[in-house]
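Inside the fold
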Amino acid sequence: MMVLRSLLFNLGFFGVTTVLCLVGWPFLFAAPMRVVWFARLWIRSVMWMLRVFCRIDVQVSGREHIPDGPGLVAAKHQSAFDTLIWMLLLPRPAIVLKKELLRVPIYGGLLKRAGMIAVDRGAGASAMRRLMHDAEAAMADGRQILIFPEGTRSAPGERGVYQPGIAALAARCAVPVVPAATNSGLFWGRRSFRKQPGTIRIAILPPLPVGMKRTEFMQKLADEIETATAKLLDKPVENSVGSCRLSL
């Protein structure tokens, strides 16, 4: 049954994605937040299919820590799910993603038009300069920047290397950094066909203060995210406090 449910989800996911990309090409000429609005239609359909086909729910705690204006969110990254859900959680999202995604026909163009921040991971110092420039522009536009500080997905229970770019970004933008944890990899694994039923949980944590020294900031950020993630991996949903189901 799980294989069948996963098959239905994957067929629906790729089918809906293809159709919306084809009909969504006019948004290549729309304002960035109009493109975000269109992307949210797609993501809500994906979340609906997750719930109906795969029996996966989403539970979020700490939404009060999300800034209304310019902000910086540093989130744990375990699944492709993570890149989708934050488009719904942030009021005006600008997600830091790998530049290769911009090469996908239509989809890549929509990402660029939506004001997502693409990083060429092989460009070294020039990539960092570009990241700083694009982040400042996003902040000036009142957007919330989402970055995955490990730079790539990690398996549940695995702690990746936290890249120093997040510290440089925090110092440059001079805003509190909001850490976030998840257990998404338990249910939507990396390159996994099967989707496991259950509840994906996201914990949005209190922001770290501005002005911390780089070493202290990096240690604190990693400890906060990893400790909260470990709790999500072990703690049953029924025992959670101060959380709510995600309203789509």
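Residues numbered from 1 in each chain as written. Predicted model: local features only at pLDDT ≥ 70, side-chain atom pairs only at ≥ 80, totals over all residues. Heavy atoms only, no water.

1. Describing the overall build of the chain
We count it as follows: Working definition: helices are DSSP H or I runs of at least four residues, strands are E runs of at least two. Numbering for both runs from the N terminus. In this treatment the radius of gyration is a C-alpha quantity, and the globule benchmark scales as 2.2 Å times the residue count to the 0.38 power. Relative accessibility under 20% of the residue-type maximum defines a buried residue, over 50% an exposed one, and the middle range a partly exposed one, all with a 1.4 Å probe and only protein chains included.
Of the regular secondary structure elements, the chain holds 7 helices and 8 strands. Its C-alpha radius of gyration of 18 Å places the chain within 12% of the 18 Å reference for a compact globule of 248 residues. Taking the principal axes of its C-alpha atoms as reference, the chain extends roughly 50 × 45 × 30 Å. Counting across all 248 residues of the chain, residues that qualify as buried make up 48%.

2. Details of the environment of L89
Residue placement: L89 occurs in helix α3 (residues 80–89). Judged by its relative accessible area of 5%, L89 is buried.

3. Points about the pairing of strand β6 (residues 177–182)
What counts is decided by this rule: Any two strands with at least two DSSP bridges between them are considered paired.
By the criterion of burial, β6 is predominantly enclosed, with 6 of the 6 residues buried. Burial along β6 is two-sided: the residues V177, P179 and A181 and V178, A180 and T182 are all buried. Where strand β2 (residues 71–75) meets β6, 4 bridges bridge the pair, whose relative direction is parallel. Of the residues in β6, the one forming a bridge with A75 is A180. Note: β6 against strand β7 (residues 198–204), 3 bridges, orientation antiparallel. Across the sheet, T182 pairs through a bridge with I202, a residue of β7.

4. Focus: helix α1 (residues 2–23)
Operational definition: Given a helix with a known number of residues, its expected span is that number minus one, times 1.5 Å. Read the arc as the range of directions from the helix axis to the C-beta atoms.
The end-to-end C-alpha distance of α1 is 31 Å, a good match for the 32 Å that 22 residues give at a rise of 1.5 Å each. By the burial criterion, the buried members of α1 are S6, F9, N10, G12, F13, T17 and C21. Each buried residue of α1 lies within a common arc of 165° when the element is viewed along its axis, so the set occupies one face. Opposite the buried face of α1, at more than 90 degrees from it, the exposed residues are L11, L22 and V23.

5. Some remarks on the pairing of β2
In terms of burial, β2 is largely enclosed, as 5 of its 5 residues are buried. Along β2, one buried face is formed by G71, V73 and A75 and the opposite face, lined by L72 and A74, is buried too. Relative to strand β5 (residues 144–147), β2 runs parallel, the two sharing 4 bridges. Its bridge partner lying in β5, L72 is registered against I145.

6. Thoughts on the packing of α1 against helix α2 (residues 32–54)
Heads up, the condition is: Every angle, taken between N-to-C directions, lies between 0 and 180 degrees, and every axis is a line fitted to C-alpha atoms, over only the stretch in contact when it is a helix. Roughly parallel covers angles under 35 degrees, roughly antiparallel covers those over 145, roughly perpendicular covers 65 to 115, and oblique covers all other angles. Should the near helix be turned counterclockwise from the far one by less than a right angle, the crossing is left-handed, whereas a clockwise turn marks it as right-handed. Every residue pair with non-hydrogen atoms within 4.5 Å of one another is taken to be in contact. Polar here means any residue other than Ala, Val, Leu, Ile, Met, Phe, Trp, Tyr, Cys and Pro, which are nonpolar, and Asp, Glu, Lys and Arg, which are charged; Gly is therefore polar.
Here α1 crosses α2 at 165°, and the two axes come no closer than 9 Å. By the angle class used here, α1 and α2 are roughly antiparallel. Considering only the axes of α1 and α2, their crossing is right-handed. Two secondary-structure elements touch here, α1 through R5, L8, F9, G12, F13, V16, T17, L20 and V23 and α2 through F38, W42, S45, V46, M49, L50, V52, F53 and C54. Residues belonging to the contact of α1 with α2 are distributed by class as follows: 14 nonpolar, 3 polar and 1 charged.

7. What to know about unusual backbone geometry
For R55, which is not a glycine, the phi torsion comes out positive at approximately 60°. Along the chain, the position of R55 falls in the loop between α2 and β1 (56–61). Overall, the relative accessible area of 45% leaves R55 in the partly exposed class.

8. Some words on the nonpolar core
Soluble, globular proteins show a tendency: their nonpolar side chains are buried together. In plain terms, the rule: We call a set of buried residues a nonpolar core when its members are Ala, Val, Leu, Ile, Met, Phe, Trp, Tyr or Cys and they connect through side-chain atoms within 4.5 Å of each other.
Ranked by internal contacts, the top residues of the largest apolar core, which has 45 residues, are F81, I85, W86 and I202. Of the residues forming this core, the biggest block, 11 residues, is contributed by α2. By size, the runner-up hydrophobic cluster in this structure holds 29 residues, among which are V119, A135, M139 and I145.

9. Some remarks on the pattern of salt bridges
Any two side chains of opposite charge can pair, so long as their charged atoms come close to each other. Our working definition: By convention in these notes, a salt bridge is any Lys or Arg side-chain nitrogen within 4 Å of a carboxyl oxygen on Asp or Glu.
Tallied over the full model, the rule gives 7 salt bridges. In this structure, E136 and R172 form a salt bridge, with 2.8 Å as the shortest nitrogen-oxygen distance. Residue E136 is found in helix α5 (residues 125–140), and its partner R172 is found in helix α6 (residues 165–173); the two are separated by 36 residues along the sequence. A salt bridge links E224 to K220, with the shortest nitrogen-to-oxygen separation between them at 2.9 Å. Within this pair, E224 and its partner K220 are both found in helix α7 (residues 214–234), separated by 4 residues, close to a single helical turn. Bridged by salt links that share partners, the residues K76, E150 and E226 form one connected network.

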